[in-house]
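So the chains spell out like this:
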Amino acid sequence: MRRIRFPELRYAMLGINISACLFIAAVVSVTSQMACRYGIANEFIKTLGHVPSNPAASLNGTLFWCIVLFADFVIRLSVSHRNLTVVYITLYLDTVANIMLLIVLDCNYNGFILWELTNIVYYMKDNRKYLVIIAGTFVYMVFSHDLISVYLPLFSVREYFLFYDRGVQQKLFLLYYVLHDLNFVCFIIFCMGVIRRQKSAIDEIRSLYAQLRKANATLKEYADIKERMGETRERNRLAREIHDIIGHSLTGISVGVDTCVAIMDANPSAAKSQLQVISGIAKGGIADIRRSVRMLQSEDDDLPLEQKLAAMLENTRRATGITIQYECNIPLNFSTEEEAVIFRVVQESVTNAIRHGHAQRIDVTIQMQESELLIQIVDDGRGCKKFESGFGTTHIRERLSMLGGTVDFSSQGGFSVKAVLPIRNERGNI
């Protein structure tokens, strides 16, 4: 909570307290000197209930301790609020000065108790301000001259006022009570400021709490939306994985079966060998599907990417009899996400070339161009007059875009796929 800042009010209270203390000490000292000068000291002393031992020393002592209070205040103003050590030392010196002023002035003025209480509350950081104000007010009431004089012999400055004629008496009494009451009024205003600031802080906390509750509700909605989006993305990802695996496997099986049908009569042994290859592809596809469904992440494979690509292309070549030329002169050592995208782009492109393009030759090239990986799959199939993105090509584009990559499809004397994937150095060693 922000500290209470009433600089003008605190300046005024300091001036009032110093003026009141010096006023009382000066009245006692000057009146005593005048009584001695006029030769009526004995008569005057008889009118007093109690006489200070040394009025002149009382004035000097009051002046000294008032200077201490003023110096403490100046020091506190000159240091940061965070320098609590200096603040506590000056407040301790204020307490000592207050006690000495009570003794020197015989409790004829106790308003500086409210002054110190104001400073203590001003520098407090916690919410115990109300308790401190109540305790300080009680101390102020206890050290009242009228109450203490019942138990201890104290001189009364009001008796010194009676030394003068009626007109001067009225002025002295007026000044005495004005200073006393004005200091108390300043303290009341300060307390009202404390209450107002405390209420403002409470209102602000309530407002922030309401905003926090609203923000929590909004975050919960966002979390629910994000969870649903995550579920949707995962379903889409799994659908892509199954599509890629089933599509590639079934394409190889379909073309291989057609080949078996064509050579079954002429070369049964070759057809049998071809069926064994097809069986292997079918079993591998089933295993891949099970792994994708079970782990929801087909990229978690122990085989390096080079071996996975080579095995996939070799199985496709053996199953379909299609010529597949594969060229890669760089080590494929990238992050898991990048390797998964590379594998699926090649797999889906080869599958489309066989299924839709009826290609007899497919060239797969992977190379680096500065910080980008270039993947090209070119076939000699029949191509298409007007390219329309299907499920497989859409997935290729989506996979690449998730990693900041791009892909271009073209059909000129066959069909070609040109994919570009940015590779960050911190994610893989090229």
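Just so we're clear, the structure is a prediction, and the values are computed from it rather than from any experiment.

Calculation rules
Residues numbered from 1 in each chain as written. Predicted model: local features only at pLDDT ≥ 70, side-chain atom pairs only at ≥ 80, totals over all residues. Heavy atoms only, no water. Phe/Tyr/Trp six-rings, centres within 6.5 Å; stacked < 30°, edge-to-face > 60°. Buried < 20%, exposed > 50% of the residue type's maximum accessible area, 1.4 Å probe, protein only. Helix = DSSP H or I, 4+ residues; strand = E, 2+ residues; numbered from the N terminus. Axes fitted to C-alpha atoms, helices over the stretch in contact; angles between N-to-C directions. Parallel < 35°, antiparallel > 145°, perpendicular 65-115°, else oblique. Left-handed = near helix turned anticlockwise from the far one by under 90°. Contact = heavy atoms within 4.5 Å. Nonpolar A, V, L, I, M, F, W, Y, C, P; charged D, E, K, R; others polar. Pairing = 2+ DSSP bridges. Salt bridge = Lys/Arg side-chain N within 4 Å of Asp/Glu carboxyl O.

S.K.: Which residues make up the packing of aromatic side chains, and what are the values?
M.R.: Per the stated rule, a full pass over the model turns up 16 aromatic pairs. Their ring planes at 75 degrees and their centres at 4.9 Å tell us that Phe-64 and Trp-65 sit as a pair that is edge-to-face. Residue Trp-65 is classed as buried on the basis of its relative accessible area, which comes to 17%. Summarising the aromatic geometry, the rings of Phe-73 and Trp-115 are spaced 5.3 Å apart at their centres and angled 65 degrees between planes, so their arrangement reads as edge-to-face. In this pair, Phe-73 sits in helix α3 (residues 55-78) while Trp-115 sits in helix α5 (residues 111-123), placing the two residues 42 residues apart along the sequence. Given a relative accessible area of 0%, Trp-115 falls into the buried group. Taken together, the ring pairs connect Phe-23, Phe-161, Phe-173, Tyr-176 and Tyr-177 into an aromatic cluster.

S.K.: Would you mind going over the packing of helix α4 (residues 84-104) against α5 in detail, with residue names and values included?
M.R.: Relative orientation of the contacting elements α4 and α5 amounts to 165 degrees, with a least axis distance of 10 Å. The orientation of α4 with respect to α5, classified from their angle, is roughly antiparallel. Crossing of α4 over α5 shows left-handed handedness. Seen from α4, the contacting residues are Val-87, Leu-91, Asp-94, Thr-95, Asn-98, Leu-101 and Leu-102; seen from α5, they are Phe-112, Ile-113, Trp-115, Glu-116, Asn-119, Ile-120 and Tyr-123. The class makeup of the residues in the contact of α4 with α5 is 9 nonpolar, 3 polar and 2 charged.

S.K.: How would you sum up the pairing of strand β4 (residues 406-410)? Please name residues and give values.
M.R.: Because side chains alternate across β4, one face comprises the buried residues Val-407 and Phe-409, and the other comprises Thr-406, Asp-408 and Ser-410, none of which is buried. Bridging between β4 and strand β5 (residues 415-422) involves 5 bridges; their strand directions are antiparallel. Across the sheet, the residue bridging to Thr-406 is Val-420, located in β5. In this antiparallel pair of consecutive strands, β4 and β5, the connection spans 4 residues, and Gly-413 shows a positive phi of 70 degrees.

S.K.: Any chance you could break down the pattern of salt bridges for me, citing the residues and the numbers?
M.R.: Following the criterion strictly, the structure yields 4 salt bridges and no others. Notably, a salt bridge pairs Arg-76 with Asp-94, separated by 2.9 Å at the nearest N-O pair. Separated by 18 residues along the polypeptide, Arg-76 in helix α3 and Asp-94 in helix α4 bring together distant segments of the chain. We note that Arg-76, like Asp-94, is buried. Asp-363 is paired through a salt bridge with Arg-361; the nearest N and O atoms lie 3.2 Å apart. Take Asp-363: its relative accessible area is 25%, and that puts it in the partly exposed class. What makes Arg-361 partly exposed here is its relative accessible area of 36%.

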